[in-house]
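Single-letter residue listing:
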Amino acid sequence: MITNELLKKYACLAVKIGINIQKDQMLVVNSPIECKELAREITEAAYKAGAKRVIIRWSDEIVNKLFYTYANDETLQEVPDYLVDQLKYIVEKNAAVISISAPTPGLFKDIDGRKMSLAGKAMSEKTNFYRKHMMADGAQWLVIAAPTYAWANKVFPDLKKEEAFDKLWEAILKACRVTEDGDAVKEWEDHMEKIARYNRVLNEYNFTTLEFKNSLGTNLSVKLVKNHIWGGGGEKAQNGVFFAPNIPTEETFTMPDRNGVNGKVVATMPLNYMGKLIENFSLEFENGKVVAYKAEKEESTLKKLLETDEGSNRLGEVALISHNSPISNMNILFYNTLFDENASCHLALGNAYTMNIKDGNTLSEEELIKRGYNKSCEHVDFMFGSSDMEIVGIKENGEKVQIFKNGNFVF
Ligand code: ZN
Ligand code: ZN
């Protein structure tokens, strides 16, 4: 069982390294009701670290499911003003935001995808200002995970309920480098320095294009935007505070050119999208756009994702992760992007991060798009790394540099 002490360490890591809460700053925690113990520990850790006020926004996926099941189309598209006001308040107060992810995989599998996209679209239109604020790192934000029984059962189907739950906690904490005797905060400081080094080296090369190849059939050329910036590990929010938006994280990532992706990519892990599991899929790109796709399972869900809007069938992120990483070495499929994306190189369909291009946070959206930035209300990561992945970078002068050999960074 997870001890109180471990939970405290995890909460402390979230507050100190994750969002690096500042004296008198407000903290908002988006927490599923199942994670109340963790939410309470985070609250205490935040107050002890100087937070002015901690607000918990509780949620419940079962209640959400009932909404999608019973609400009519009109109601699905209604976004209550008070919800919008709440987000405005969070932005105005420069609050840091921690979101605890404790999903129930497959919970929404019987829900009409059309209804979910109606509601999702209405919500993202009304709250676009908030998404923009967060994606541009207006203030510190963090996503961390906690297990649910249903999630644990999905990951460890052969174990008993409690056993699976404990084992998932164990795996989560291991992935986050939280141990009984270790100093997680110190370990994270070192880990982030390593990622910062990858960023520095890649930024120095300033590649125009990356070429990916493996035996599964991936043969993909990804043009990078001019003046792209490799980021990952920690970053600086617009309020000047250094923070780590994902715990765990192993990735170094940048911005592909929305018009410059060509070839085929074969996914190496299932994709959990809107509670549905898209399995064994591949995408083919031409001038940035997906022109063909295939999935053994949930192809219609993949189609829905690709057809959400103008940008959801183009790439907004390319991320590099050595195959030899703690998460990948555990050899567990978490059915959760936060972990699985850190096991493997990945791409994201949809919105790009403005931090990945020079002056990204000050350029107008129009100007950004001209430079190859992709805009979408989606940002969905999928994994395509493998133990035999080869990556070559092409420099501005045409020189080729090997970046990955047999799935790992060469430097
Ligand atoms: Zn990523
Ligand atoms: Zn991503």
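For the structure given in this document, a descriptive report is provided here. A quick note: this is a predicted structure, and the numbers were derived from the prediction, not measured.

Let's talk about the sheet that holds strand β4 (residues 141–145)
Strands in a sheet are paired, the pairing made by backbone hydrogen bonds, and the direction either parallel or antiparallel. Read across the sheet, four strands follow the order β2-β1-β3-β4 without closing on themselves; strand pairing throughout is parallel. Sheet topology places β2 (53–59) and β4 at the edges, where each strand pairs with a single neighbour. Taking each pair of neighbouring strands and ignoring which way they run, the sheet shows an average axis angle of 15 degrees. Along the sheet face, helix α2 (residues 36–48) touches β1 (26–32), β2, β3 (96–101) and β4 and points at about 165 degrees away from the line of β2.

Let's talk about helix α7 (residues 128–135)
Every buried residue of α7 is accounted for by Tyr130, His133, Met134 and Met135. At the C-terminal side of α7, Asp137 shows a positive phi close to 55 degrees.

Brief notes about the packing of helix α5 (residues 81–92) against α7
One way to put it is that α5 packs onto α7 with a least axis distance of 9 Å and a crossing angle of 30 degrees. Taken as axis vectors, α5 and α7 run roughly parallel relative to one another. As for how α5 packs across α7, the hand of that crossing is left-handed. Where α5 abuts α7, its residues Val84, Leu87, Lys88, Ile90 and Val91 lie against Phe129, Tyr130 and His133. Along the lines of polarity and charge, the residues of the contact of α5 with α7 split into six nonpolar, one polar and one charged.

Re the coordination of the zinc ion (ligand 2)
For the zinc ion (ligand 2), every protein donor is listed as Glu317 (OE), His379 (NE2), Asp381 (OD) and Asp381 (OD), and the spread of their distances is 2.0 to 2.6 Å. Coordination at the zinc ion (ligand 2) is irregular: its four donor atoms span angles of 54 to 139 degrees at the metal. Donor residues for the zinc ion (ligand 2), ordered by position in the chain, follow E-x61-H-x1-D. The metal-metal distance between the zinc ion (ligand 2) and the zinc ion (ligand 1) is 3.3 Å, with Glu317 serving as a donor to both. With a relative accessible area of 10%, Asp381 lands in the buried category.

Re the pattern of salt bridges
Within this structure, the stated rule accounts for 19 salt bridges. Asp73 serves as the salt-bridge partner of Arg114, at 3.1 Å between the closest nitrogen and oxygen. Of the two residues, Arg114 sits in helix α6 (residues 113–126) while Asp73 sits in helix α4 (residues 73–76), which places them 41 residues apart along the sequence. Taken together, the salt bridges that share partners define one network made up of Asp73, Asp112 and Arg114.

A few points about the nonpolar core
Judged by nonpolar contacts, the single largest core of 59 residues is most densely connected at Leu27, Leu38, Ile42, Ile144 and Trp169. Residue assignment places this core across two domains, with domain 1 (4–175) and domain 2 (194–229 + 249–409) each supplying three or more. Residue contacts for Trp169: discarding those within four places in its chain leaves Ile2, Leu7, Tyr10, Leu38, Ala145, Ala146 and Pro147. Core analysis: the next-biggest nonpolar cluster, separate from the first, contains 38 residues, Leu220, Leu320, Phe382 and Met389 among them.

Brief notes about the sheet that holds strand β16 (residues 379–383)
The strand order across the open sheet formed by four strands is β9-β14-β15-β16, and the pairing between neighbours is antiparallel. Looking along the sheet, the strands with just one partner apiece sit at the ends: β9 (252–254) and β16. Taking the axes of each pair of neighbouring strands and ignoring which way they run, one obtains an average angle of 25 degrees across the sheet. With four bridges joining them, strand β14 (residues 315–320) and strand β15 (residues 346–350) adopt antiparallel strand pairing. Counterpart to Glu317 in the pairing with β15 is Ala348.

Section: a nonpolar patch on the surface
Residues Ile62, Leu66 and Tyr70 make up a contiguous nonpolar surface patch of about 360 Å² in total accessible area. In this structure, Ile62 sits in helix α3 (residues 61–70).

A few points about helix α1 (residues 4–18)
Under the 1.5 Å per step criterion, the end-to-end length of α1 is 20 Å for 15 residues, consistent within 8% with the ideal 21 Å. Three or more residues of α1 are buried, namely Leu6, Leu7, Tyr10, Ala11, Leu13, Ala14, Val15, Ile17 and Gly18. Turning to α1, the residues buried within the fold contact α2, β3, β4, α9 (161–175), α10 (184–205) and β8 (242–243).

So, unusual backbone geometry
For residues besides glycine, phi is generally negative; the peptide bonds are generally trans as well. Cis geometry marks the peptide bond from Ile247 to Pro248, where omega comes out at 5 degrees. Inspection of the secondary structure puts Pro248 in the loop between β8 and β9. Positioned with a positive phi, Asp24 is a non-glycine residue whose angle comes to about 65 degrees. Locating Asp24 in the fold gives a position in the loop between α1 and β1. With phi around 45 degrees, Asn287 is a residue other than glycine that occupies positive phi space. In this fold, Asn287 is placed in the loop between β12 (276–286) and β13 (289–297).

Criteria and cut-off values
- Residues numbered from 1 in each chain as written.
- Chains lettered and ligands numbered in written order.
- Predicted model: local features only at pLDDT ≥ 70, side-chain atom pairs only at ≥ 80, totals over all residues.
- Heavy atoms only, no water.
- Pairing = 2+ DSSP bridges.
- Helix = DSSP H or I, 4+ residues; strand = E, 2+ residues; numbered from the N terminus.
- Axes fitted to C-alpha atoms, helices over the stretch in contact; angles between N-to-C directions.
- Contact = heavy atoms within 4.5 Å.
- Buried < 20%, exposed > 50% of the residue type's maximum accessible area, 1.4 Å probe, protein only.
- Parallel < 35°, antiparallel > 145°, perpendicular 65-115°, else oblique.
- Left-handed = near helix turned anticlockwise from the far one by under 90°.
- Nonpolar A, V, L, I, M, F, W, Y, C, P; charged D, E, K, R; others polar.
- Donors = N, O, S within 2.8 Å, 3.2 Å for Na, K, Ca; no water.
- Tetrahedral: all angles 85-135°; square planar, octahedral: opposite > 155°, others 65-115°.
- Salt bridge = Lys/Arg side-chain N within 4 Å of Asp/Glu carboxyl O.
- Core = buried A, V, L, I, M, F, W, Y, C linked by side-chain atoms within 4.5 Å.
- Domains from an automatic or database assignment.
- Patch = residues over 30% accessible without salt bridge, like charges linked within 9 Å, V, L, I, M, F, W, Y side chains within 5 Å.
- Areas by Shrake-Rupley, 256 points an atom, 1.4 Å probe, with all protein chains shown as cover.
- Expected span 1.5 Å × (residues − 1).

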